[in-house]
Structures are given as structure tokens and as C-alpha cells.
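Here's the letter readout for the chains.
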Amino acid sequence: YWWEAGEAWGGIIDTWYFCQNDTYEQVIMDALLHQVGQGNDYIPANQSMTEGNDDQAFWGLAVMGATERNFTNPPPDQPQWLALTQAVYNTMWSRWDTSNCDGGLRWQIFTWNSGYNYKNTISNGCLMHIAARLARYTGNETYVDTATTVWDWMANDVDFLVLENDAYQVRDGADIGDGNCTKLTRIQWSYNAGIVMAGCAYLYDFTNDTVWLTRTTQLFNGIHIFFTDDNIMYEQFCQPRGTCNNDQRSFKSVFSRCLGMTAKLIPSLHDKIMTVLTASAVAAAQSCTGGTDGRTCGLAWNYNGWDGFYGLGEQISALEVMNNLLIDDRPGPFTNRSGGSSVGNADAGLDSKIVTNPNEITI
């Protein structure tokens, strides 16, 4: 669950920023730099048996957060936050696959990993989301072109994004099957909806094109399925059944952060989002009363007290829903024109020599 570490460090960067608490500053920097891999693109050799496009993307999201929060820059002889984000973007975009389903990223990077024949929303949504944030930060319209291409593919070429009654369903993905991605997995997860929604919010903030505002709003209209009648966030497909796996138990973390981003960038949605974040944060807080320390957080926030579940996913989900109550206390994400200081490299990752197919290995 290497991707969850990237998500966790992203949340701790937010805590560093919102709370102005530098206690873990060096630890955060060490962790982000330790995982960059030989190509400075978050494809370390020790993850080659498990790493997917979405896994790489979540480390890219962490360093994009470091870029936008103006987190302390690494020493000059180390890779820089913006350049690392651009390397993740470039290597992901280089794997855009038109040989099946007319486009899209596969779930997996390496041909030998289970899921290589699956194209999913989270991998493609993360590519769109990262491109949107890079566009806003750098002012480079090329990233908008990429984000638009990914959106058009998910919404028009495959049925990953389906608009019904002015609300989007965000489906999980499809096996390439006959080459047309018609074997759909229709399950909806909160982090898929959040990643795509926040990506649209960034695109609207940068382009001022109302098509992205409309899409952001329509995606927001569809997220009601992830809240109880009391506005408490929950993972509706697995949580009531008690079947959430380690990945799924952390999805509320991603979702909460994306809701905060959207509220900060889209004033028309701010109050509605803060209503559900506040109710969810209060519920999360009352769940964080378990374990031997009396502060362990649970999975089901609508349960009265701690529900007995514990782990990294539960902790970072509670952290993020509380982090994002503080979005109005600090400036929004910086750009390189509004105080951002990270050094970029638009060509980072383009010379990657990573081998993804065993037939290409030479001895």
C-alpha cells in the first residue's frame, strides 16, 4: 500500500501549511525525497511488482501539494517539488494508450502486474487532475490540452463519466476486453469523484471557461451518495457491508482534500461543501476515541464512538476532513506568479529508461 504513504505525506503537508506547524518538516522532506527512484519520477525499483499509474500519481499529488503550499524547497543538489510533479506527469502521459479503447491509461504500469488490462478512472482522473494543477501553477496551456483530452475520453469515448439529471456518476473503470472498454465496473468510489471534481475546479480557476464550472457543479451534484442523511461522509459501496479493504478505508482522505480544494476555488460551492465537511469532521472527531491512546480513529463516523476499526486509512481520513475545515484560514494554492518558489523542469522524466514489458529486458 505504498500509494497510501504518498497520500499520508500529502495530508501532513496540509497540516504543516494550515496549522503553521513545522515539527515534521524535515521528516516530510526526507520521506518525499527518499521515494523518488533512480529517474526522479516516483517509479522506484522496489515497487516494480506492485506500482500502478494511480500509485505513482499519489506521490505526484503529494509533491504538487508541496509546490502549491510553498513547502520548504530541497537543497539545490536534490530534485525539486515542481520538477518531480512534472516528471510524474510526463511519464504518465507517455503511457497514454490508444491501442485499446481509443485512449486512456491502463491501471498498471508494468505488464506483469495484475490489472494491466484494466483502465480505470483513478489513474486517468489523477492524470487530468495533475495536468490541471500544473496548468494553473505554471500558466502553460499545454497542460490544459492534456486535461481536456483525458476528460473527453472518460466522458465521451468510454462510460466512466455519465451525466444523469444534471449529476455525474463516476464509475470505476473497464477491462479492455474486446478493445472497446465495454466491460464496465459501475461501482462508484468517493475518491474517483473527488479527484475529477477538483481537477475541473482547477481548470475553471485557471481558464475561467464556464464549461469547467458546469462540470464541477455537476460532479458535486453527484456526490450525495457518499453522505448519510446527516451529511456524514461514508464509503457507500463497502462501509455498510463491513467489506472495505485497506485501500478503500483511506478513500475519504482523498475525497476530503478534493472537497477542500473545490470549495477554495469555486465560491458558488463553498458553503455547500463546508456544510458536509463540518458535519463529517464533527462525526470523525467523536470516532477518534478508541485504542489504548484514546485517540484512535474509526472507519464509520456515523457510529456512536469508536467502531473498533483502526489503521492508516482511518487516521489520514480523519486528519484530512479536519485539515480542510481550515481552508479559509490560509491563502489558496500558490502559483509561480503568486509566491510559489519551486523550480520546475518541463522535460523532467522524458528520458526515463524504465522497462515495463519483460520482453524488452536485455541481459
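The rules behind each value
- Residues numbered from 1 in each chain as written.
- Predicted model: local features only at pLDDT ≥ 70, side-chain atom pairs only at ≥ 80, totals over all residues.
- Heavy atoms only, no water.
- Phe/Tyr/Trp six-rings, centres within 6.5 Å; stacked < 30°, edge-to-face > 60°.
- Helix = DSSP H or I, 4+ residues; strand = E, 2+ residues; numbered from the N terminus.
- Buried < 20%, exposed > 50% of the residue type's maximum accessible area, 1.4 Å probe, protein only.
- Lys NZ or Arg CZ within 6 Å of the ring centre and 35° of its normal.
- Pairing = 2+ DSSP bridges.
- Axes fitted to C-alpha atoms, helices over the stretch in contact; angles between N-to-C directions.
- Disulfide = S-S within 2.5 Å.
- Core = buried A, V, L, I, M, F, W, Y, C linked by side-chain atoms within 4.5 Å.

### Focus: the packing of aromatic side chains
- With the rule as written, the count across this model stands at 23 aromatic pairs.
- Between the aromatic rings of Phe71 and Trp81, the centroid separation amounts to 6.0 Å while the plane-to-plane angle is 45°, which identifies the pairing as tilted. Residue Phe71 is located in the loop between α3 (53-68) and α4 (81-94), and its partner Trp81 is located in helix α4; the two are separated by 10 residues in the primary sequence. The two residues Phe71 and Trp81 agree in class, both being buried.
- Aromatic side chains Trp107 and Tyr118 sit 6.0 Å apart centroid to centroid with 70° between the ring planes, which places their arrangement in the edge-to-face category. Linking Trp107 in the loop between α4 and β1 (118-120) with Tyr118 in strand β1, this pair joins segments that are 11 residues apart in sequence.
- On the basis of relative accessible area, Tyr118 is assigned to the buried category, the value being 13%.
- Between the NZ or CZ atom of Lys252 and the centre of the ring of Trp301, over which it lies, the distance is 4.8 Å.
- Over the ring of Tyr17 we find Arg330; its NZ or CZ atom is 4.5 Å from the centre of that ring.

### Comments concerning the sheet that holds strand β5 (residues 183-185)
- Overall, antiparallel pairing links the 3 strands, which are arranged β1-β4-β5 in an open sheet. Two strands lie at the open edges of the sheet, namely β1 and β5, each paired on one side alone. Strand after strand, the sheet turns through a mean of 25° between neighbouring axes, direction not considered.
- By the bridge criterion, 3 bridges tie strand β4 (residues 173-175) to β5 in an arrangement that is antiparallel. By the bridge assignment, Ala174 is partnered in β5 with Leu184.

### Quick word on the state of the cysteines
- The full count for this structure, using the stated rule, is 3 disulfides.
- The side chain of Cys101 participates in a disulfide bridge whose partner is Cys181; the two sulfur atoms lie 2.1 Å from each other. Its torsion about the S-S bond being 90°, the disulfide of Cys101 and Cys181 is classed as right-handed. Linking Cys101 in the loop between α4 and β1 with Cys181 in the loop between β4 and β5, this pair joins segments that are 80 residues apart in sequence.

### Re the nonpolar core
- By size, the foremost hydrophobic cluster in this structure holds 105 residues, and its most contacted members are Leu32, Tyr42, Trp81, Met128, Trp151 and Leu259.
- For this core, the element with the highest residue contribution is helix α7 (residues 190-207), accounting for 11 residues.

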